[in-house]
Amino acid sequence: MQQHERGEFAQLITDVLAYYRQDASRFVLELWWNACQGFDLDQIRNAVQRHCTDPERGQFAPKVADIARVLQGTATDRAALAWGKCLEAMSSVGAYTDVVFDDPAIHAVVDDLGGWPKLCRTDMKELGYVQHRFCESHRAYTGRGAFDYPRRLSGDRSPDSEYEKKGLKLPRPALIGDAARAKQVYLGGNIGGKTAISFQALQAIEMAPAGLLPAVSAGCAA
């Protein structure tokens, strides 16, 4: 889930607990959010409905563990669906066009796999291995909930600077999946790569206060 969906999610949990004549305290809502934000809001709705209509468990108010139990299988399903969506875009859009998916985890995974052009040019013999890596990474990212990702997956085209020199706008990316969600993914991503990287002079690092430098274990000391 995205941060802007937090209010709608809180209302959903409040309504569900009210159905079972229970109050949703601030602590309870925070607990639910931290446990469920790695999933889509629609997945949460479906999981809650499945719990409420379960002949055995549905007579009791759902706990976080109950919904997590329902959603455990959907992480694998979601990764498989994401791979299918990515595979279709690889063949229909291709390596030369920028793309924005409606799933930020796809952006993070593709960036880890070497970028959009490289993924599109995967040899057929390696496709099964790449699919395995894709699905494993996708489950890891969705399980984390919050993570950094590039706002667009750049195709094999001229660098952005070339367009700026000629006074041209960047080519429009292809939106893959739900257009509204893809736009939200774009707005929530990083301009550069997935991981922010900066460079500093060695002298500046040596002069930095000790509290600003990462700790070095005894086994790594010079």
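An account of the accompanying structure is given in this report. Note that the structure is predicted; figures quoted are calculated from it, not measured.

**Overview of the overall build of the protein chain**
At step 1: A tally of regular secondary structure across the protein chain gives 10 helices and two strands.
At step 2: Shown N-terminal to C-terminal, the secondary structure of the protein chain runs as helices and strands in the order α-α-α-α-β-α-α-α-α-β-α-α.
At step 3: Split into buried and exposed, the 222 residues of the protein chain put 35% on the buried side.
At step 4: Total accessible area on the protein chain is roughly 14200 Å²; 53% of this is exposed by carbon and sulfur atoms.

**Comments concerning the pattern of salt bridges**
At step 1: Evaluated as defined, the whole model comprises 14 salt bridges.
At step 2: Of the charged contacts in the structure, one is a salt bridge between aspartate 40 and arginine 78, with a shortest N-O distance of 3.2 Å. Note that aspartate 40 is positioned in the loop between helix 2 (26-36) and helix 3 (41-52) and arginine 78 in helix 4 (residues 64-92), a separation of 38 residues in sequence.
At step 3: Residue class for aspartate 40 comes out partly exposed when judged on its relative accessible area of 21%.
At step 4: Through salt bridges with shared partners, a single network forms among Glu5, Asp40, Arg78, Asp103 and Arg181.

**Things to note about the environment of alanine 95**
At step 1: Inspection of the secondary structure assignment puts alanine 95 in the loop between helix 4 and strand 1 (99-101).
At step 2: On the basis of relative accessibility, which here comes to 8%, the residue alanine 95 falls in the buried class.
At step 3: When the C-alpha atoms of alanine 95 and arginine 157 are compared, they prove to be 8.8 Å apart, with 62 residues separating the residues in sequence.
At step 4: In this structure, alanine 95 is in contact with Trp116, Pro117, Cys120, Arg121, Gly155 and Asp156, ignoring residues within four places of it in sequence.

**Some remarks on the nonpolar core**
At step 1: Counting residues in each nonpolar core, the largest one holds 28 residues, and the members touching the most others are Cys86, Phe101, Ile106, Val110, Trp116, Leu119 and Phe134.
At step 2: Looking at this core, the elements that each hand over two or more residues are helix 4, strand 1, helix 5 (104-112), helix 6 (116-120) and helix 7 (127-144).
At step 3: Not counting residues up to four positions away in its chain, the partners in contact with phenylalanine 101 are Lys85, Cys86, Ala89, Ile106, His107, Trp116, Leu153, Ile176, Ala182 and Val185.
At step 4: Formed by 19 residues, the second largest nonpolar core is a distinct cluster that contains Met1, Ile13, Phe39 and Val64.

**Quick look at unusual backbone geometry**
At step 1: We note that arginine 21 has phi near 60°; this positive angle belongs to a residue other than glycine.
At step 2: In this fold, arginine 21 is placed in the loop between helix 1 (6-19) and helix 2.
At step 3: Judged by its relative accessible area of 82%, arginine 21 falls in the exposed class.

**Observations concerning the packing of helix 5 against helix 7**
At step 1: Packing of helix 5 against helix 7 brings their axes to within 9 Å, and their N-to-C directions diverge by 130°. Relative to helix 7, helix 5 is oriented oblique. Every pair of crossing elements has a handedness; the one defined by helix 5 and helix 7 is right-handed. Contacts from Ala105, Ile106, Ala108, Val109, Val110 and Asp112 of helix 5 reach helix 7 at Arg133, Phe134, Ser137, His138, Tyr141 and Thr142.
At step 2: Looking at side-chain class alone, the contact of helix 5 with helix 7 contains seven nonpolar, three polar and two charged residues.

**Considerations on helix 1**
At step 1: When the terminal C-alpha atoms of helix 1 are compared, their 20 Å separation across 14 residues agrees well with the 20 Å that a helix rising 1.5 Å per residue should span.
At step 2: What helix 1 keeps buried is the set Phe9, Leu12, Ile13, Val16 and Leu17. For helix 1, the buried positions fall inside an angular range of 125° around the axis, keeping them on one side.
At step 3: Backbone geometry just downstream of helix 1 places arginine 21 in the positive-phi region, at approximately 60°.

**Focus: the packing of aromatic side chains**
At step 1: A complete count under the given rule lists six aromatic pairs for this structure.
At step 2: The interplanar angle of 70° and the centroid separation of 5.8 Å between the aromatic rings of phenylalanine 101 and tryptophan 116 together place this pair among those described as edge-to-face. With a gap of 15 residues between them, phenylalanine 101 in strand 1 and tryptophan 116 in helix 6 connect regions that are remote in the sequence. Just as phenylalanine 101 is buried, tryptophan 116 falls in that class too.
At step 3: Following the ring pairs from residue to residue traces out a cluster consisting of Tyr141, Phe147 and Tyr149.
At step 4: For the cation-ring pair, arginine 151 lies above tyrosine 186, with the distance from its terminal atom to the ring centre recorded as 4.6 Å.

Definitions and limits used
Residues numbered from 1 in each chain as written. Predicted model: local features only at pLDDT ≥ 70, side-chain atom pairs only at ≥ 80, totals over all residues. Heavy atoms only, no water. Helix = DSSP H or I, 4+ residues; strand = E, 2+ residues; numbered from the N terminus. Buried < 20%, exposed > 50% of the residue type's maximum accessible area, 1.4 Å probe, protein only. Areas by Shrake-Rupley, 256 points an atom, 1.4 Å probe, with all protein chains shown as cover. Salt bridge = Lys/Arg side-chain N within 4 Å of Asp/Glu carboxyl O. Contact = heavy atoms within 4.5 Å. Core = buried A, V, L, I, M, F, W, Y, C linked by side-chain atoms within 4.5 Å. Axes fitted to C-alpha atoms, helices over the stretch in contact; angles between N-to-C directions. Parallel < 35°, antiparallel > 145°, perpendicular 65-115°, else oblique. Left-handed = near helix turned anticlockwise from the far one by under 90°. Nonpolar A, V, L, I, M, F, W, Y, C, P; charged D, E, K, R; others polar. Expected span 1.5 Å × (residues − 1). Arc of directions from axis to C-beta. Phe/Tyr/Trp six-rings, centres within 6.5 Å; stacked < 30°, edge-to-face > 60°. Lys NZ or Arg CZ within 6 Å of the ring centre and 35° of its normal.

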